[in-house]
Amino acid sequence: MSSSTVQTISGTYRAQPLPSSFLFGVRHSDVFWYRGSLDAVAATLRGDAEGLALEGSARVDSLSVLEPPPLRAHLLAPDFFDAERHPEITFRSSSLCVTDDQGAKLEGELTMRGVSRPVSAVGQYAGPRPSSFGELVGLELHTSIDRREFGFAWQMPLPGGGDALGWEVEIDIDLLLIREATDSEA
C-alpha cells in the first residue's frame, strides 16, 4: 500500500453498482472503436494508517455491447473472454497514491482468463464527501493493456491488409464508493 498526500480515508468503502462502470474499447480496422462494458462490477477501497488499497471484480457474463448479438456470443466464447471457464475478472492493487491535485496513480495485478499481469492506471480521486447516503469517494481510472498478454489472441486479416482488431484495449473504470458503517457507528 502507498500513502496518500490528500485527506486520508479510514475504513472500508464499497462501490455502488449504479453509477460505477467498467468500460472498454478496441480499434476495429483502424477506423472505429468497438466499445463495451461489464455491468456487474464490485469494488472495495480500504484506507488505514498504511495507505489505500483497492480490490475489484467484474462478472464476464455481464458483458454488454451495442453490436448485434452474435458479437456478444463470440466475445464470451473461448476466442475472447472464455466466460464459461473464467467467469470473473479481478484486480488487486499493490499501491494507490493520491496527490494534492486529486490525481490518482494505481499499480496492481489484473487477472483475466486465468492470466495475471501487472497493470498501472492513472486518473482522478474525489472525496471524501458527506452525502445523504453516507460518506462518498469517487475514483476514475484509465489504463490500456495488450490483449495478447491475457490470451486474447484472436485475429482476422483484412482483405486489403492489416488486422481486423487492434491489440491494445483501452479500459476506463469509474467508481462511486460509500463508506461502510463500523460496529461502533451502527
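Residues numbered from 1 in each chain as written. Predicted model: local features only at pLDDT ≥ 70, side-chain atom pairs only at ≥ 80, totals over all residues. Heavy atoms only, no water.

Considering the arrangement of structural elements, one finds Ala-126 in strand β9 (residues 115-129). Non-local contacts of Ala-126, meaning those with residues more than four positions away in its chain, are made with Leu-136, Val-137 and Gly-138. (Helix = DSSP H or I, 4+ residues; strand = E, 2+ residues; numbered from the N terminus. Contact = heavy atoms within 4.5 Å.)

Looking at the largest pocket, its volume works out to about 410 Å³. In this structure, the largest pocket is lined by 25 residues; those nearest its centre are Phe-24, Val-26, Leu-75, Phe-80 and Leu-165. Residue contributions to the lining of the largest pocket peak at four residues, all from strand β2 (residues 21-28). For the lining of the largest pocket, a count of residues per class yields 19 nonpolar, three polar and three charged. (1 Å grid on protein atoms, 1.4 Å probe; cavity = no way out; pocket = protein on both sides within 12 Å on 5 of 7 lines; lining within 4 Å. Points joined across faces, edges and corners; volume = space filled by probe spheres on them. Nonpolar A, V, L, I, M, F, W, Y, C, P; charged D, E, K, R; others polar.)

Looking at chain direction, strand β1 (residues 11-15) and strand β4 (residues 41-48) are connected through four bridges and run antiparallel. Bridge pairing in β4 places Arg-14 opposite Thr-44. Note that β1 and strand β11 (residues 165-179) share three bridges and pair antiparallel. Bridge assignment links Arg-14 to a residue of β11, and that residue is Ile-178. (Pairing = 2+ DSSP bridges.)

Attention shifts here to unusual backbone geometry. Put simply, Leu-18 and Pro-19 share a cis peptide bond, and its omega is 15 degrees. When you line up the elements, Pro-19 lands in the loop between β1 and β2. A cis amide bond, omega -5 degrees, links Gly-127 with the succeeding residue Pro-128. Here Pro-128 is to be found in strand β9. The backbone of Ser-29 sits at a positive phi, close to 55 degrees, despite the residue not being glycine. Its location among the elements puts Ser-29 in the loop between β2 and β3 (32-38). Backbone geometry at Asp-82 places phi at a positive 50 degrees, although glycine is not the residue there. Inspection of the secondary structure assignment puts Asp-82 in the loop between α1 (69-76) and β7 (88-98). Owing to a relative accessible area of 7%, Asp-82 belongs among the buried residues under this scheme. (Buried < 20%, exposed > 50% of the residue type's maximum accessible area, 1.4 Å probe, protein only.)

This paragraph deals with the side chain of Glu-170. Its place among the elements puts Glu-170 in strand β11. It is Arg-35 that comes nearest to the buried, bridge-free Glu-170 among opposite-charge side chains, at 7.7 Å. Setting aside anything within four residues of it in sequence, one finds Glu-170 in contact with Leu-23, Phe-24, Gly-25, Trp-33, His-142, Thr-143 and Ser-144. (Lys, Arg positive; Asp, Glu negative; His and termini not counted. Salt bridge = Lys/Arg side-chain N within 4 Å of Asp/Glu carboxyl O.)

Right, let's talk about α1 for a bit. Among the residues of α1, those classed as buried are Leu-71, Leu-75 and Leu-76. The buried residues of α1 occupy one face: seen down the axis, they fall within an arc of 135 degrees. Exposed and oriented more than 90 degrees from the buried face of α1 are Pro-69 and Pro-70. Tucked into the core, α1 has its buried residues touching β3 and β6 (63-65). (Arc of directions from axis to C-beta.)

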